[in-house]
Amino acid sequence: QLERANEELQRRRDVLQGLWDATGVVATLPDLEAVLQRIVDVARGLFGAEYAALAVLSEDDPSKIRQFITSGLSDAGRKQIGPLPTGRGLLGEVIRTKKVIRLATIADHPASSGFPANHPAMTSFLGLPLLYQGAVVGHLYLTNKPGGFTEQDEVMAQLFSRQAAVVISNARLYQEREAYATVEERERIGRELHDGVLQTLYGLTLSLEFLLDANNNLTPELRHELDRVTETLSLTMTDIRMYIRSLGTSPVDLMVALKDMLQRTGSAENVELVFHDQEYLSLNVESVHDLVLTVQEAVSNAKRHGQAAHITVGWESTDWEYHLWVEDDGLGFDPDTVNPGANNHFGLQNMNRRMQRLGGTMDVSSEPGEGATIQFRWPREPL
């Protein structure tokens, strides 16, 4: 019994460690899809499943699956299966009921509708909703655990799903802040919502909920108080999230986004923005996103590799094209000897790829000791 108790304690520790690992993705991964992929990969490993998937529902129609992130399948295997699930069958049953379903054999459930051609064989199944503040953030599915999923797996998976829902919600929050906030609002967010605040609140919530789930000897008074504190923390995170969502009415502004990026990366004092017109206000969200990432990469390279003391980001436009450039007073280099794919210059490849996505070109001019200028030109967007 002692050995089994130690094994169970170690298992809980593993799940907690996995949760903490998943928490870090908000600050380190580039987009929401990367966050979702990390969560489903962590879940598959924690619960010993051969395959795992995370379904994100359509905001317009919550009965339909908008994204389906998998773990355990190769890219080739995924393509052979064909289109994404439509939310029917057993997966749809989890979506409709918003309840946990645990099965020794998938085919035994009345809602099971079989698998398409080229789909891997699946037997044991554990599916559960990811709920945050009463709303369904997604659905997690685990299959093919040797020996099947246990009741203890179900309990721990529910704990994991609650925290995964918080991680996903925070990732969405971060995405919304990046897309919509204005300079003044972003400055307030920087003071009131440092990147670590939400993660700290999440960590406290995780600890409290684990304590409630793992300890059956708490007095009713103490359990009530812990529930109250947990609810307060959750409400606080919701207030922050709604505050940032309220910024969605702000226009997408390249200059605003660049200033915010420079402040967050600690480059504001070294970089001067020189914009000769306001045609950048006509750029769409996707273009602004690519341009901010491009400038961030160029500025980072100028500081890290070029050791530049001053950097200028310039903008101008004509009737037929946009022109953005990044000029620095750093060490410079010989462009003819640079391999864009090399470790020190991989950023050039990324910048060029983004510019190609906009249908434009990138030009690098530099000499050793003379600094560097990177120019980006792309066609004006149609009205």
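All figures in this text were calculated on a predicted structure; none of them were measured in a lab.

S.K.: Tell me what's going on with the sheet that holds strand β7 (residues 311-317), and back it up with residues and numbers.
M.R.: Strand order in this open sheet of five strands is β6-β7-β8-β10-β9, and the pairing throughout is mixed. Strands at the two margins of the open sheet, each flanked by one partner only, are β6 (271-275) and β9 (361-366). Strand-to-strand twist of the sheet, defined as the mean angle between neighbouring strand axes without regard to direction, takes the value 15°. Bridging between β6 and β7 involves five bridges; their strand directions are parallel. By the bridge assignment, Glu-272 is partnered in β7 with Thr-312. Set on the sheet, helix α11 (residues 285-304) makes contact with β6, β7, β8 (321-328) and β10 (372-379); between it and β8 the angle comes to about 20°.

S.K.: So what's going on with helix α3 (residues 32-46)? Residues and values would help.
M.R.: Its 15 residues place the ends of α3 21 Å apart at the C-alpha level, agreeing with the 21 Å of an ideal helix rising 1.5 Å per residue. For α3, the full list of buried residues reads Leu-32, Ala-34, Val-35, Leu-36, Ile-39, Val-40, Val-42, Ala-43 and Leu-46. Two residues or fewer past α3, Gly-48 is found with a positive phi of approximately 65°.

S.K.: Describe the packing of aromatic side chains, and please don't skip the residues or the numbers.
M.R.: Any aromatic ring pair is given by two values, namely how distant the centres are and how the planes are angled relative to each other. Across all of its chains, the model carries nine aromatic pairs by this definition. Between Phe-275 and Trp-315, the ring centres sit 6.1 Å apart and the planes meet at 25°, which makes this aromatic pair stacked. Placement of the pair is Phe-275 in strand β6 and Trp-315 in strand β7, with a sequence separation of 40 residues. Classification of Phe-275 as buried rests on a relative accessible area of 16%. Members of the aromatic cluster, connected to one another through ring pairs, are Phe-275, Tyr-280, Trp-315, Tyr-322 and Trp-378.

S.K.: If you had to explain the sheet that holds strand β3 (residues 101-103) to someone new, which residues and values would you point to?
M.R.: Strands sit in the order β2-β1-β5-β4-β3 across an open sheet of five strands; the sheet is antiparallel. Each edge of the open sheet carries a strand with a single partner, namely β2 (65-71) and β3. Here the average twist between neighbouring strands, direction ignored, is 15°. Packing against the sheet, α3 makes contact with β1 (51-57), β2 and β5 (135-143), and its axis sits at approximately 45° to β2.

Analysis parameters
Residues numbered from 1 in each chain as written. Predicted model: local features only at pLDDT ≥ 70, side-chain atom pairs only at ≥ 80, totals over all residues. Heavy atoms only, no water. Pairing = 2+ DSSP bridges. Helix = DSSP H or I, 4+ residues; strand = E, 2+ residues; numbered from the N terminus. Axes fitted to C-alpha atoms, helices over the stretch in contact; angles between N-to-C directions. Contact = heavy atoms within 4.5 Å. Expected span 1.5 Å × (residues − 1). Buried < 20%, exposed > 50% of the residue type's maximum accessible area, 1.4 Å probe, protein only. Phe/Tyr/Trp six-rings, centres within 6.5 Å; stacked < 30°, edge-to-face > 60°.

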